[in-house]
Each structure stands twice: as C-alpha cells, then as structure tokens.
Amino acid sequence: MSVGDEARPPESKAIDSETAATGSASGWLTKRTLIVVASGAAVIALLLMLLQVADILLLVFASLLLALFLRTLADYISRHTPLSVAWSLTLVVVVLLGIFVLILVLYGPNIAGGFYQLFRQLPSAPERLRSALEQYEWGPALMDTLARAGRALTDTKQLAQIAGIFSTAFGALGSMLVVVVLGLYFAADPKPYINGTARLFPQKHRKHVNEAFDRIGHTLRWWLLGRILAMLTVGVLIGIGLAILDVPFAFILGLVAALLDFVPNIGPLIAAVPAVMVGLSQGGATALYVAGLYFVVQSLEGYLISPYIQQRVVSLPPALLLIAQLVMGAGFGILGLLLASPLAVVVMVLVQMLYVRDVLGEQVELP
C-alpha cells in the first residue's frame, strides 16, 4: 500500500469500493443485456428466415407424409413375405404407379371429358339457383350475399394469395415432382435423416428426441389410415348416391368429394358446392336431395369412421383443427390448408410429450 493510500480517509476508501462494485455490476448487467438482445435478434432472424422458406418446408413435410405412407406399406410387405424392405418398397412403387397408369388408360378420357362438361355447366348454375330462389322473399338477398362472396373469391389478388406456392414458386406439377422425389429418398433410407436431426440436440436429450420421432411416426400412420379410409368411404357413397339420384357426372363428383375429404371440415363443404350446382340442372328438388346426401355421408364419416380412428391417434378438438386450417390457409395458401391437419397432429403429440408430460409432470396417454 502506498503512502497516498494510507493518507486517504476510510470514507474515501469505502466510496471507491462501492464505485468499483457498482461498475462491476453495471458491466455484468450490460453484458447480460447484450446477450439477451443478441439472442432475441437471432431468434427473430431465424423466424424471418423460416417464413421466407416456409413453402419449401411445407413441401418437405408433405414429402415426409408420402415417405411414411410408402414405408409403412413396404414394412408390412417385408414382414409377411421373404422380400427385403428395399424390394418391398420397389414393389409398392411399381404397383401404385401401375394402378395410376391403368386408371389413366381406362378412365382418363372419360375423367377429362367429365371435368370439361362439369366446368362448362357450372357458370350457368348461378342463374338456375337465382330462378329457384326468386320464389322466396329471402331469395334475392341470399343471392346478393353469394354474389359478393363470389366476387371476393375471384379477385385476382385473393386468388394469388390462395394459390400460394402452386402459382409462385414451382407450379403445381413442379411441387408434386419435388414431393414425390423427396418422398422416395426419405422412404428408401430414413435413418440418416432421423439420426442427423437427433444429433442436433445434446446427448442427454437424444433419447427423448428419438421417442418423439417414434410417436409422431406412429400417430401420423394412423392419421393417414383414417384419412384414406374416410376418403374412400365418402367417395364411394357419394358416387353411388349421385348415380341413384341420376345426377350427371356422379363419378367425377364422387372423385372430387373423396379428394377434398383429405381436408376435414372445409373440404367436404367445398366438394358439396359443385354437386348442388349440378343438381340444380335437374331441378330444385334434386338439389335438395344432393345436399341431403352430402349431409348424411359426412355425418356417417364424422360420427363413425373418424371417432374410431381417433381412438388410436391424438383426438384433436374440432374447433382447434378448424383454427389451424384457417391460419395455415390464410398464411400459406392451398398447401398450408392441405397440411394443417397433420401439422396439428404433430404439434399435439409434441405438446403432450415434451410439455404436459416432461415439464408439468402429468400423466398422459400417448398414442
């Protein structure tokens, strides 16, 4: 200690110590604040980057669903035959491709002609609907409301937003090609992608990550099975019902109903519109019968098939599923709407496993 330090009063030394401590605390707070700000900026930048490539990520998710479907069929064949998984996958792809080509050869011209005739008749359907509703007092008001909704839906900007990736990035055929190619790669050898993703997490968490992957895969398999069964049931029943009612394009409308049933809640409503419009060409009573047919078939699907499948998968509340569809449809167009349901299933599984069970410590019944 120097002579100058010995000459300083004790109060001055205490002030210097307090100043040093305050400066140290201030520096620590400054560093902590900078770390928090930097971390927040990194998270925001990551979210913005993900939003820029969100359409690509949705295509990757769609390819994962296709890979899961193909791999499930290949594993089933491999377990019950002497074929390896690779040869079973090859057999699955060849059989599915053969069925697709056979349908195109046998029914392709009829399907194309049916869609052409259907699209030709749809523009005149509003006039027939107006004529049918003019006999009621509330008919003109309803037609005005429908006309405003139609103009809103056919707005160029609105259509561009709804079309999403199908009209901006690759186009519909390009997007389908990407999904098919990636799906085949993922189905052929999924382990490198699963293990590579798991290695992004610390060693102590990899067991939970692998368990989450297994649960998500199991749940999505049952979800896909439920959707396929529902689509087949709806398509067959709608096609047979329309044929009994002698409605034109019964096969085409049944095919449309089956495909759009992939999107719960919203899809069946969209599928019913062209069928009711075509029914109007046969008269108002036929249109009512068609509407009743769609209501009965969707009720059977909603109260019998879906509840049975939901016993094996995560039971999604209908309101939550509808909210997910509206959000994904508004944010990411048709692709987001199509994938809203499986994405909601994935999120529900992760919430149950990683938050409700592991964080809150509550007992959950995993699918």
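Above this text sits the structure in question.
Bear in mind that the values here come from a model prediction, so they are computed numbers and not experimental data.

Chemist: Help me understand the packing of aromatic side chains, please; the structure alone is not making it clear to me.
Modeler: Any aromatic ring pair is given by two values, namely how distant the centres are and how the planes are angled relative to each other. Enumeration according to the criterion identifies two aromatic pairs in this entry. Measuring from ring centre to ring centre gives 4.9 Å for Phe186 and Tyr193, while their planes differ by 85°; the resulting arrangement is edge-to-face. For Phe186, a relative accessible area of 13% corresponds to the buried category.

Chemist: Where do I start with helix H15 (residues 318-357) in this structure?
Modeler: The α-helix winds at 3.6 residues per turn, so residues separated by three or four positions along the chain end up facing the same way. A rise of 1.5 Å per residue sets the reference length of H15, with its 40 residues, at 58 Å; its end C-alpha atoms lie only 23 Å apart and thus fall more than 12% short of the reference. At Phe332, H15 shows its largest kink, close to 150°.

Chemist: Just to check I follow, could you spell out the pattern of salt bridges for this structure?
Modeler: Charged atoms that come close allow side chains of opposite charge to pair. Across all of its chains, the model carries three salt bridges by this definition. Across the salt bridge formed by Glu211 and Arg357, the nearest N and O atoms sit 3.0 Å from each other. Here the residue Glu211 occupies a position in helix H11 (residues 206-244), and Arg357 occupies one in helix H15, the gap between them amounting to 146 residues.

Chemist: Where do I start with the layout of surface pockets in this structure?
Modeler: A water-sized probe, rolled over the atoms, reveals where empty space remains. The computed volume of the second largest pocket comes to approximately 1,400 Å³. Of all the elements in the fold, those that place two or more residues in the lining of the second largest pocket are helix H3 (54-80), helix H9 (172-188), helix H10 (191-198), H11 and H15. By residue class, the composition of the lining of the second largest pocket is 24 nonpolar, seven polar and six charged.

Chemist: How do you make sense of the nonpolar core when you look at a structure like this?
Modeler: Nonpolar side chains in soluble globular proteins generally cluster together in the buried interior. Ranked by internal contacts, the top residues of the largest apolar core, which has 29 residues, are Leu220, Leu316 and Leu339. Looking at this core, the elements with two or more residues in it are H3, H11 and H15. Looking at which element gives the most residues to this core, the answer is H15, with 12 residues. Residues in contact with Leu339, not counting those within four places in the same chain, are Leu58, Phe61, Ala62 and Leu65.

Chemist: In this structure, what is going on with unusual backbone geometry? I would like to understand it.
Modeler: As a rule of thumb, non-glycine residues mostly have phi less than zero, and peptide bonds are mostly trans rather than cis. Even without glycine at this site, Asp246 takes up a positive phi of about 60°. Structurally, Asp246 can be placed in the loop between H11 and helix H12 (250-260).

What counts, and where the lines are drawn
- Residues numbered from 1 in each chain as written.
- Predicted model: local features only at pLDDT ≥ 70, side-chain atom pairs only at ≥ 80, totals over all residues.
- Heavy atoms only, no water.
- Phe/Tyr/Trp six-rings, centres within 6.5 Å; stacked < 30°, edge-to-face > 60°.
- Buried < 20%, exposed > 50% of the residue type's maximum accessible area, 1.4 Å probe, protein only.
- Helix = DSSP H or I, 4+ residues; strand = E, 2+ residues; numbered from the N terminus.
- Expected span 1.5 Å × (residues − 1).
- Bend = angle between axes of the 7 residues up to and from the residue.
- Salt bridge = Lys/Arg side-chain N within 4 Å of Asp/Glu carboxyl O.
- 1 Å grid on protein atoms, 1.4 Å probe; cavity = no way out; pocket = protein on both sides within 12 Å on 5 of 7 lines; lining within 4 Å.
- Points joined across faces, edges and corners; volume = space filled by probe spheres on them.
- Nonpolar A, V, L, I, M, F, W, Y, C, P; charged D, E, K, R; others polar.
- Core = buried A, V, L, I, M, F, W, Y, C linked by side-chain atoms within 4.5 Å.
- Contact = heavy atoms within 4.5 Å.

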